[in-house]
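Commentary on secondary and tertiary structure
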Number of protein chains: 2
Amino acid sequence: MIRLVIAEDQAMVLGALATLLGFEPDLEVVGRATDGDAALALVRELRPDILLTDIEMPGMTGIDVARALASEGSSTRVVIVTTFARAGYLARARAADVRGYLLKDAPVEEVAGAVRAVAAGRRAIAPALAAMAWDAGADPLTDRERDALRLAEQGLSNKEIARRIGLSPGTVRNYLSEAAAKLGAGNRVGAGRVARLNGWL
Amino acid sequence: MIRLVIAEDQAMVLGALATLLGFEPDLEVVGRATDGDAALALVRELRPDILLTDIEMPGMTGIDVARALASEGSSTRVVIVTTFARAGYLARARAADVRGYLLKDAPVEEVAGAVRAVAAGRRAIAPALAAMAWDAGADPLTDRERDALRLAEQGLSNKEIARRIGLSPGTVRNYLSEAAAKLGAGNRVGAGRVARLNGWL
DNA sequence: CGCCGGAGGTGACACTTGTCACCCCGGCGA
DNA sequence: TCGCCGGGGTGACAAGTGTCACCTCCGGCG
């Protein structure tokens, strides 16, 4: 019997997934969470074989949870199920020792298959993802550039961004200009789009 | 027996929903679609009692489909299930004669309830949504402002936006400035954020 | 010790945006 | 007919942004 905790912020999807996976004879859903912090607590308490989690959730992301579990040597293996096919997410997931990465585009049956594969010590990466990761390359941004870009995305001016991250406005301009150049965009807005699309923000 | 077509672009969610609703004794899922155009074709062909649809899908949105059905006097009633609690979406849905509007945050059971209510001629609006629509007010943007904002969001310059929508760059500046003022933002980026958050884009 | 490299900063210049006042012109109702 | 919108446009100015060359500081490291 494979014991499973599921974390997913959309209650409807969580409920549906839990119910369907519960029908599988060899799977048992022992816990559910609707945010990252609850998921982490639940995994620590229940020590399931597998944590099946979304990435985008209130509080900790699924990747944050995976990283936390990895760093404390938890025996629970993590499978990520997410909406977004973004190369950067996959890269970060791999770094957090995530064993499975599926898209919500996939049929439900695939989830059960992936859970079994990962429980058996194998990996399960959606093929579309694997291909995309190949030709996407690594995140070219530095931490500072990422910070600046995240704020620029919200419409803040150089001056305001500078105040928030404790740099001078001129440096912020330089960073954003540099980021746009790296990402092949003409300005901060385009740079933000590209970075977000690739899962680099 | 209530006959149902479900449209939803995430195959996993579509499958889960269809399976679970199929278990309800009084509901029958007669068709599934993963994009708006397919959903419209399917509804025309099968004439179900209810179309349960997401908003954001490739091709036509769920609201577009609802509008098309309403304009051709279809007897199929539309229930929307979506991720986003955006007042503008709800307003447009109402204008398209949509009878139910739920969030994926809600538990699965609510969907069956809403489908039954709508099939019986009643309405079903998620309470959180109803409240939000109340204090959100109407979309303050003109069509031109919306067009310009949509392009500005992607990082295009005034000149490029002007070329695409056939106006002069100066006018585009005026529109974006006006839009930002209406939305209480300091610049086009902030204006884009606010508009998107409210479902006005 | 001296040098290097990277993080951060400055200043200058061109270009883009934001703001505002004002113009043109094709309806449309009085 | 007049007048008065309202959509679209112009021009000017201030502010913000993109680009680039060059500077400083500081922590390694040969």
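Going by the structure above, here's the rest.
Everything numeric here is computed off the predicted structure, so don't read it as measured data. (Residues numbered from 1 in each chain as written. Chains lettered and ligands numbered in written order. Predicted model: local features only at pLDDT ≥ 70, side-chain atom pairs only at ≥ 80, totals over all residues. Heavy atoms only, no water.)

All right, on to the interface of chain B and chain A then. Interfaces are frequently sized by the accessible area removed from exposure as the parts join. Contacts between chain B and chain A engage 28 residues on the former and 28 residues on the latter. Buried area between chain B and chain A, both sides added, is near 2,100 Å², and the carbon and sulfur share of it is 68%. One can count 0 salt bridges joining chain B with chain A. In this assembly, chain B and chain A are joined by 10 residue pairs in polar contact (both at pLDDT 80 or more). Of all the elements in the fold, those that place two or more residues in the side of chain B that touches chain A are α1 (11-23), α5 (108-119), α7 (143-153) and α10 (188-197) of chain B. With 9 residues, α1(B) is the single largest residue contributor to the side of chain B that touches chain A. When the residues that make up the side of chain B that touches chain A are grouped by side-chain class, the tally is 15 nonpolar, 8 polar and 5 charged. (Contact = heavy atoms within 4.5 Å. Buried area = accessible area lost by both parts, 1.4 Å probe. Salt bridge = Lys/Arg side-chain N within 4 Å of Asp/Glu carboxyl O. Polar contact = N/O pair within 3.5 Å; in protein donor to acceptor, adjacent residues only side chain to side chain. Helix = DSSP H or I, 4+ residues; strand = E, 2+ residues; numbered from the N terminus. Nonpolar A, V, L, I, M, F, W, Y, C, P; charged D, E, K, R; others polar.)

Before going further, it helps to spend a moment on the relation of the copies chain B and chain A. Mapping chain B onto chain A calls for a screw motion: a turn of 180° about the axis and a shift of 0.0 Å along it, with 0.0 Å RMSD after fitting. Look at the turn and shift together and you get a two-fold axis relating the two. Nearest to the rotation axis, the C-alpha of Ala16(B) is located 2.8 Å from it, this being the minimum over chain B. A symmetric contact is evident, with 100% of the interface residues of chain B recurring at the interface of chain A. (Least-squares fit on C-alpha atoms with pLDDT ≥ 70 in both.)

Turning our eyes to something else, we now look at the nonpolar core. Counting 46 residues, the largest nonpolar core has Leu21(A), Leu52(A), Val115(A), Leu21(B), Leu52(B) and Val115(B) as the members making the most contacts within it. Not counting the four nearest positions on each side in its chain, Val115(A) is found in contact with Ile2(A), Leu4(A), Leu27(A), Ile50(A) and Leu52(A). (Core = buried A, V, L, I, M, F, W, Y, C linked by side-chain atoms within 4.5 Å. Buried < 20%, exposed > 50% of the residue type's maximum accessible area, 1.4 Å probe, protein only.)

Turning next to the pairing of strand β1 (residues 2-7) of chain A. All names here are of chain A. Burial within β1 is extensive, with 5 of its 6 residues counted as buried. Pairing geometry for β1 and strand β2 (residues 27-33), over 6 bridges, is parallel. If you follow Ile6 over to β2, its bridge partner there is Arg32. Note that the unit made of β1, helix α1 (residues 11-23) and β2 has a crossover that is right-handed. Of the strand pairs in this sheet, β1 and strand β3 (residues 50-53) are connected by 4 bridges, and their pairing is parallel. Across the sheet, the residue bridging to Leu4 is Ile50, located in β3. (Pairing = 2+ DSSP bridges. Right-handed = clockwise from strand over helix to strand, strands pointing away.)

This part covers the protein's contact with DNA strand C. Lining the immediate surroundings of DNA strand C are 16 residues, of which Ser168(A), Asn174(A), Tyr175(A), Asn174(B) and Arg188(B) lie closest. Backbone atoms, meaning sugar plus phosphate, form 62% of the atoms of DNA strand C positioned within 4 Å of the protein. With respect to DNA strand C, the side chain of Arg144(A) contributes an N or O atom lying 3.2 Å from a phosphate oxygen. Between Arg173(A) and DNA strand C, the recorded distance is 3.1 Å, taken from a side-chain N or O atom to a base nitrogen. Of all the secondary-structure elements, those providing two or more residues to the surface near DNA strand C are α9 (169-183) of chain A together with α8 (158-165) and α9 (169-183) of chain B. With 5 residues, α9(A) is the single largest residue contributor to the surface near DNA strand C. Classifying every residue of the surface near DNA strand C by side-chain character gives 2 nonpolar, 9 polar and 5 charged. (Near = heavy atom within 4 Å.)

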